[in-house]
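Spelled out from the first residue to the last, the chains are:
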Amino acid sequence: MTRSVTVNLITGRSIQQGVAIESGKEKDSYRTACGIIEMDNADLKKLGAWKNTNVRVTSEYGDVVVKAIETTQGPHPGVAFIPMGPWANSIVDPNTYSTGMPTFKGVPVTVEVAPDEPVLLGIELVQKLCGVKPE
Amino acid sequence: MTKVITDVICPFCGTLCDDIEVVVSDDDRHLLEVNNACVIGTEKFLHSQSKDRVVRPRFHQEDGSWKEISYDEAVEYTAQILAKAKKPLMYGWSSTNCEAQSMGNEIAELSRACCDNTAAVCHGTTLIAVQDAGLPTCTLGEVKNRADRVIFWGCNPAHAHPRHMSRYSIFPRGFFTGKGQMSRKIVVVDPRVTDTAKMADVHLQIEQGRDYELLNALRVALKGEWLPETVAGLPEQQIREVADMLKTGRFGIIFFGMGVTQSISKNHNIDEAIMLTKDLNAYSKYSIMPMRGHYNVTGSGEVFAWQFGFPYAVDLSRGFARYNPGDTSSIDLLARGEIDAMFTIGSDPGAHFPISVVKQIAKVPSVCIDPHLTPTTGISKLHVPVAFNGVECGGNCYRMDNVPIDCRKVVEPPEGMLTDEEFLRKVRDRLRQLKGVA
């Protein structure tokens, strides 16, 4: 049975995300900056995953494959962070509760190891989920 | 020979740094070097020079390939979809200048569109709270010269506004803050130990999503009333110590970001933060300011408010401006499947909207006006590349403290490329013909 861990997901900016969006979202550097989940060491241990392993992150609203890395701004046990971008937005809570604002922070997600599944490029991921043919 | 241009404005974040130096070639065609900007701003200037840039409009074919078309054809397609749509959405506006935003509003009136800017997924809830509770605010210059208590609540400028701290909020030596960082007490409220938190005198590592409780507890502590042993995962004693520290400041400022606007409770978090600011004014002078993200999202709110009366989420489909976030806001309009044409400019909803909403964009006729390749251009029917605003054309922009600053043109765009405003003017003129207004 695949091991999994449940964490509270928050999304947001990182400086690497900022540089990547300005240098080109079609590039591999965007995936390196944003196709990740920053997890606390304690949660990585619970998951039984090596650092830099691909994982599948699933919420009530969808699932996505990203690379699990050790948090750069921790410790924050129980909380995980995906930089804002299409990977995070594949699983965030779209409900606005009549404010116009989706719930980008505070989404319960399950993380399971998926070493053989690829992390898609940003544009590729959105095109695939929207059923648009890639170039 | 090369030329150095000084006092250039950086078109990345709401800090709108105005001390950038760029080195350009003698013929103004190539940007060679950028000084003083942060790593993100530098990348923005340099990316305009990339060799693989798209320089002509492209139409997405059925097989996924792109067909290059002329600007005139792009104008025709854009005007036609806006003229035919019953409820088009014109979204974005935060990475373009106020002149283009105003031109866009003329198009929106002609096509009876819904208009929204990136506040929809950023500080939209702040705007709701400001309408509820007001906004005791100031300029960044006052922060630099006066603030000795600085609170960063749910924001991480070390990553999102990299020079904010050195220019205004933590390090600079101002008129009444001559010792720079030593003159200030810094408080950071964040569920992570962010790089901003590492610079703080006090880091309140709050339980995620408990901002309302902590803001309320600070108001209680100011009044010396009873508090439970822990609030939002923090001990009562620490909350009282922070409240006392805030009371003893001469001038304080609360900067807040997505940690409060996007967490559950949303606008109510900001209501409470504004009321905390009001309460603190009983002891000292306090202000509050949203950390606006895009360099001209503030300007977009200003232009919408000037021309339509509301700062975002404006619906013109009935021929007059209506504003009701949750009803007329982009995410909700798309989620309900009401939008029958999508016009995107100066933003990337494909990357920054929840995917269930992005799928709706892919279903309708769409145009994306953007110099970059993005997930939005990847799912749009038409991609119109334009000049980089703030690099290849100038124009008015508003800093996060509502100070208007004129961006500067420092280098020529590629041959034959239009600016946002030029393209929008052509669309407006064609739309006038189609609607019989001209």
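Here the structure is a predicted model, which means the values were calculated and not measured.

Rules and cut-offs
- Residues numbered from 1 in each chain as written.
- Chains lettered and ligands numbered in written order.
- Predicted model: local features only at pLDDT ≥ 70, side-chain atom pairs only at ≥ 80, totals over all residues.
- Helix = DSSP H or I, 4+ residues; strand = E, 2+ residues; numbered from the N terminus.
- Rg over C-alpha atoms; globule rule 2.2 N^0.38 Å.
- Buried ≥ 20, exposed ≤ 12 C-beta atoms within 10 Å, placed from the backbone.
- Contact = placed C-beta atoms within 7 Å.
- Core = buried A, V, L, I, M, F, W, Y, C linked by C-beta atoms within 7 Å.
- Pairing = 2+ DSSP bridges.
- Axes fitted to C-alpha atoms, helices over the stretch in contact; angles between N-to-C directions.
- Expected span 1.5 Å × (residues − 1).
- Arc of directions from axis to C-beta.
- Parallel < 35°, antiparallel > 145°, perpendicular 65-115°, else oblique.
- Left-handed = near helix turned anticlockwise from the far one by under 90°.
- Nonpolar A, V, L, I, M, F, W, Y, C, P; charged D, E, K, R; others polar.
- Domains from an automatic or database assignment.

Student: Please clarify how the overall build of chain A should be interpreted in this entry.
Tutor: A tally of helices and strands in chain A yields five helices and six strands. Each helix and strand of chain A, ordered N terminal to C terminal, gives the series β-α-α-β-α-β-β-β-α-β-α. Rg of the C-alpha trace for chain A: 14 Å, near the compact-globule value of 14 Å for 135 residues, within the 12% margin. Over its C-alpha atoms, taken along the principal directions, chain A stretches across nearly 40 × 35 × 30 Å. By residue count, 53% of the 135 residues in chain A fall in the buried class.

Student: I would appreciate a short explanation of the overall build of chain B in the present structure.
Tutor: The helix and strand inventory of chain B stands at 17 helices and 21 strands. Its C-alpha atoms give chain B a radius of gyration of 23 Å, within 12% of the compact-globule value 22 Å for 438 residues. Principal axes of the C-alpha set define a box for chain B whose edges measure 65 × 55 × 40 Å. Evaluated residue by residue, chain B yields a buried proportion of 57% over its 438 residues. Intrachain contacts of chain B at a sequence separation of at least 6 include 67% that bridge at least 24 residues.

Student: Quick question: what am I supposed to make of the interface of chain A and chain B here?
Tutor: Where interface size is given, it is often the accessible area lost as the parts come together that is meant. Contacts between chain A and chain B engage 49 residues on the former and 57 residues on the latter. Of all elements in the fold, only strand 1 (4-12), helix 1 (15-23), strand 5 (79-83), helix 4 (86-89), strand 6 (105-113) and helix 5 (122-130) of chain A reach the threshold of two or more residues within the side of chain A that touches chain B. Broken down by element, the side of chain A that touches chain B gets its largest block of residues, six residues, from helix 5 of chain A.

Student: So what exactly am I meant to see when it comes to the nonpolar core here?
Tutor: Across soluble globular proteins, you tend to see nonpolar side chains buried next to one another. Ile 37 and Val 111 of chain A together with Ala 273 of chain B are the most contacted members of the largest nonpolar core, which totals 178 residues. Top contributing element to this core by residue count: helix 8 (residues 211-222) of chain B, with six residues. Residues in contact with Val 111 of chain A, not counting those within four places in the same chain, are Ser 4, Val 5, Val 7, Ile 37, Leu 47, Val 55, Val 57, Ala 68 and Ala 80 of chain A.

Student: Would you explain the sheet that holds strand 2 (residues 20-25) of chain B in this entry?
Tutor: Strands pair in a sheet through their backbones, by hydrogen bonds, and they do so in one of two ways: parallel or antiparallel. All names here are of chain B. The strand order across the open sheet formed by three strands is 1-2-3, and the pairing between neighbours is antiparallel. With partners counted over all chains shown, the strands left at the sheet margins are strand 1 (2-8) and strand 3 (31-35), one partner each. Within the sheet, the average angular offset between the axes of one strand and its neighbour, ignoring direction, is 20 degrees. Two elements, strand 1 and strand 2, share five bridges in a ladder whose sense is antiparallel.

Student: Honestly, unusual backbone geometry in this entry has me stumped. Any pointers?
Tutor: Trans is the prevailing form of peptide bonds, just as negative phi is the prevailing case for residues other than glycine. For the bond running from Gly 74 of chain A to Pro 75 of chain A, omega is 5 degrees, close enough to zero to count as cis. Although it is not a glycine, Trp 93 of chain B adopts a positive phi angle of roughly 75 degrees. With respect to the element layout, Trp 93 of chain B can be found in the loop between strand 6 (88-92) and helix 3 (98-111). Trp 93 of chain B sits in the buried class, given 31 other C-beta atoms within 10 Å.

Student: Help me out: how do you make sense of helix 9 (residues 236-247) of chain B in this one?
Tutor: Working note: α-helix, 3.6 residues per turn, so residues spaced by three or four point in the same direction. All names here are of chain B. An ideal rise of 1.5 Å per residue puts 16 Å on 12 residues; helix 9 measures up with 17 Å between its terminal C-alpha atoms. Among all positions of helix 9, only Ile 239, Val 242, Ala 243 and Leu 246 are buried. Down the axis of helix 9, the buried side of the element spans an arc of 100 degrees, and every buried residue falls inside it. In helix 9, the exposed positions angled more than 90 degrees off the buried face are occupied by Gln 237 and Asp 244.

Student: Sorry if this is basic, but what is going on with the packing of helix 3 of chain B against helix 12 (residues 297-308) of chain B here?
Tutor: The angle between the axes and the distance between the axes are what describe a pair of packed helices. Residue and element names in this part refer to chain B. At a closest axis distance of 10 Å, the pairing of helix 3 and helix 12 adopts a crossing angle of 40 degrees. Put simply, helix 3 runs oblique to helix 12. The hand of the helix 3/helix 12 crossing is right-handed. Residues Cys 98, Gln 101, Ser 102 and Asn 105 of helix 3 form the contact with helix 12, whose own contacting residues are Gly 299, Ser 300, Val 303, Gln 307 and Phe 308. A class-by-class count of the residues in the contact of helix 3 with helix 12 yields three nonpolar, six polar and no charged.

Student: Teacher, can you tell me more about the sheet that holds strand 8 (residues 149-153) of chain B here?
Tutor: Residue and element names in this part refer to chain B. Here five strands make up an open sheet; going across it, the order is 10-9-8-13-14 and the pairing parallel. The open sheet has two free edges, formed respectively by strand 10 (202-204) and strand 14 (285-290), since each of these has just one partner strand. In this sheet, neighbouring strand axes are inclined to one another by 15 degrees on average, regardless of whether the strands run parallel or antiparallel. Pairing between strand 9 (residues 185-189) and strand 10: three bridges, direction parallel. Bridging from a neighbouring strand, Val 188 pairs with His 203 of strand 10. Helix-sheet contacts for helix 11 (residues 267-280) involve strand 8, strand 13 (251-256) and strand 14, and the interaxial angle to strand 14 is about 160 degrees.

Student: Help me out: how do you make sense of the environment of Val 5 of chain A in this one?
Tutor: All names here are of chain A. Secondary-structure assignment places Val 5 in strand 1. By C-beta crowding, Val 5 is classed as buried, having 21 other C-beta atoms within 10 Å. Here the alpha-carbon distance between Val 5 and Ala 33, two residues 28 residues apart in the chain, equals 23 Å. The residues touching Val 5, leaving out its near neighbours within four places in the chain, are Asp 43, Lys 46, Leu 47 and Val 111.

Student: Teacher, can you tell me more about the packing of helix 3 of chain B against helix 17 (residues 420-435) of chain B here?
Tutor: Residues and elements named next belong to chain B. At a minimum axis distance of 9 Å, the contact between helix 3 and helix 17 shows a crossing angle of 20 degrees. When the axis of helix 3 is compared with that of helix 17, the two are roughly parallel. When you trace helix 3 past helix 17, the crossing you get is left-handed. Every residue of helix 17 that contacts helix 3 at Glu 99, Ala 100, Met 103, Gly 104, Glu 106, Ile 107, Leu 110 and Ser 111 is listed here: Asp 420, Glu 421, Leu 424, Arg 425, Val 427, Arg 428, Leu 431, Arg 432 and Lys 435. Residue composition of the contact of helix 3 with helix 17, grouped by class: seven nonpolar, two polar and eight charged.

Student: Can you walk me through the pairing of strand 17 (residues 341-345) of chain B in this structure?
Tutor: All names here are of chain B. In terms of burial, strand 17 is a largely internal element, five of the five residues being buried. Strand direction decides the pairing type here: strand 6 and strand 17, joined by five bridges, are parallel. Each residue of the ladder has a partner; that of Pro 88, found in strand 17, is Ala 341. Across four bridges, strand 17 lies against strand 18 (residues 366-369) in parallel orientation. Its bridge partner being in strand 18, Thr 344 is matched across the sheet by Cys 368.

Student: When you look at the domain arrangement of chain B in this model, what are you seeing that I'm missing?
Tutor: Residues and elements named next belong to chain B. Domain annotation of chain B identifies domain 1 (2-47), domain 2 (58-122 + 295-435) and domain 3 (124-290). The C-alpha-based centres of domain 1 and domain 3 are spaced at 32 Å. In this complex, domain 1 contributes seven residues to the contact, which on the side of domain 3 involves six residues. A breakdown of the residues in the side of domain 1 that touches domain 3 according to their chemical character gives five nonpolar, two polar and no charged.

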